[in-house]
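Each chain is listed here by its residues.
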Amino acid sequence: MLKGSMPALVTPFKDGAVDFDTLKRLVDWHVEEGSHGLVPVGTTGESPTLSHQEHEQVIECVVEAAAGRIPVIAGAGSNNTVEAIRFLQHAERVGADAALVVTPYYNKPTQAGLIAHFTMLHDCCELPIIIYNIPGRSAVDMTPATMGELAKLPRIVGVKDATADLARVCMQRITCGPDFLQISGEDATAHGFNAQGGVGCISVTANVAPRLCAEMQEACLGGDYHKALTLQDRLMPLHQAIFTEPGLCGAKYAMSRLGLCDEEMRAPLLPITPPTREKVDAALRHAGLLN
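Now for a look at the structure at hand. (Residues numbered from 1 in each chain as written. Predicted model: local features only at pLDDT ≥ 70, side-chain atom pairs only at ≥ 80, totals over all residues. Heavy atoms only, no water.)

## Regarding the pairing of strand β8 (residues 181-184)
Put simply, the rule reads: Residue exposure (1.4 Å probe, protein chains only): buried if accessible area is under 20% of the type maximum, exposed if over 50%, otherwise partly exposed. Here a strand is any run of E in DSSP of at least two residues, a helix any run of H or I of at least four, and the numbering for each starts at the N terminus. Whether two strands pair depends on DSSP finding at least two bridges between them. Every crossover in which the path from the first strand over the helix to the second runs clockwise, viewed with the strands pointing away from the viewer, is termed right-handed.
The alternating pattern of β8 places L181 and I183 on one face and Q182 and S184 on the opposite face, and all of these are buried. With four bridges connecting them, strand β7 (residues 156-161) and β8 associate as parallel partners. Pairing of G158 across the sheet is with L181, part of β8. As a crossover connection, the stretch from β7 through helix α7 (residues 167-176) into β8 is right-handed.

This is the structure:
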């Protein structure tokens, strides 16, 4: 169920507030474009600057708008275990299909602390949990051995791996088993990640080019890596351009150029600079999304 192209959904704003009408339209658009799932309130959804109330409202809005057409994997992470429990239990209550839980950031727990954190979250609800391992943001790296211990829990079902280390996929197949869902968290290496044993991507670029990202993932899942590489060639300049500055800023600008949502974001993030705008525009044309 949790495979393929799953956009790490942006949170649209208008005049400083969450734009729920646009959010609902984006959900419908992603379903029409072939996205295989949606992941609201991750980093790309500006979770650090959403209030707890907004966080929960966005999850509920996306679940209601998706209406069971595609899975919703609710962002539910925190470096505060009690707070993460709250988000998980709320996501379960409103009908999310699974939860994405980041390794605790800033407080830098040990590997034993990671096991304790994720075990408590596993035990607090019945939702399947995908670990989000992103050492560059969280300052802690869950080792394959630790992940293997957590994979023994029945509802720890997979990982969003944003290490950009393709060898991790093979290492985690050894410690977690081949049925553990390995999902890329890095657009630029998603094609190679799948070749190593991955089953999809929680993608920033899929906010902008959901159909191309979905087709690339479907080609990989079907074993047609030549077709997938042709699609990745179209997407690669867009991956690079979007991440020239913080990825959600690049994604929101690209989406604004396609008429999907406003570019607005919350401080401390800022709109991308003119040179990066030119780079994104060129990448949109290369992908065939902009004349």
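## Quick notes on the environment of A116
With respect to the helices and strands, A116 occurs in helix α4 (residues 111-123). Judged by its relative accessible area of 39%, A116 is partly exposed. Along the sequence, A116 and P12 sit 104 residues apart, while their C-alpha atoms lie 34 Å from each other.

## A look at the side chain of H55
Using the following cut-off: We call two residues contacting when some pair of their heavy atoms lies within 4.5 Å.
In this structure, H55 sits in helix α2 (residues 52-66). With a relative accessible area of 5%, H55 lands in the buried category. If we ignore the near neighbours within four places in the chain, the residues touching H55 are V41, L50, G75, A76 and F87.

## What to know about unusual backbone geometry
With an omega of 15°, the peptide bond running from A267 to P268 counts as cis. On the secondary structure map, P268 appears in the loop between α11 (247-257) and α12 (274-286). Notably, K108 is not glycine yet its phi reads approximately 50°, a positive angle. The residue K108 is located in the loop between β5 (98-102) and α4 in this model.

## Details of the packing of helix α1 (residues 20-33) against α2
Keep this limit in mind: Geometry is summarised by axes, namely lines fitted to C-alpha atoms with helices restricted to the contacting stretch, and by angles between N-to-C directions that run from 0 to 180 degrees. When describing relative orientation, an angle under 35 degrees is termed roughly parallel and one over 145 degrees roughly antiparallel, while 65 to 115 degrees is termed roughly perpendicular and anything else oblique. Whether a crossing is left-handed or right-handed is set by the direction in which the near helix is turned from the far one by less than a right angle, anticlockwise for left-handed and clockwise for right-handed.
Running from amino to carboxyl end, α1 crosses α2 at an angle of 40°, the nearest separation of the two axes being 9 Å. On the basis of their axis angle, the class for α1 and α2 is oblique. As α1 runs across α2, the sense of the crossing is right-handed. Along its contact with α1, which presents F20, L23, K24, V27 and D28, the element α2 presents Q57, V58, C61, V62, A65 and A66.

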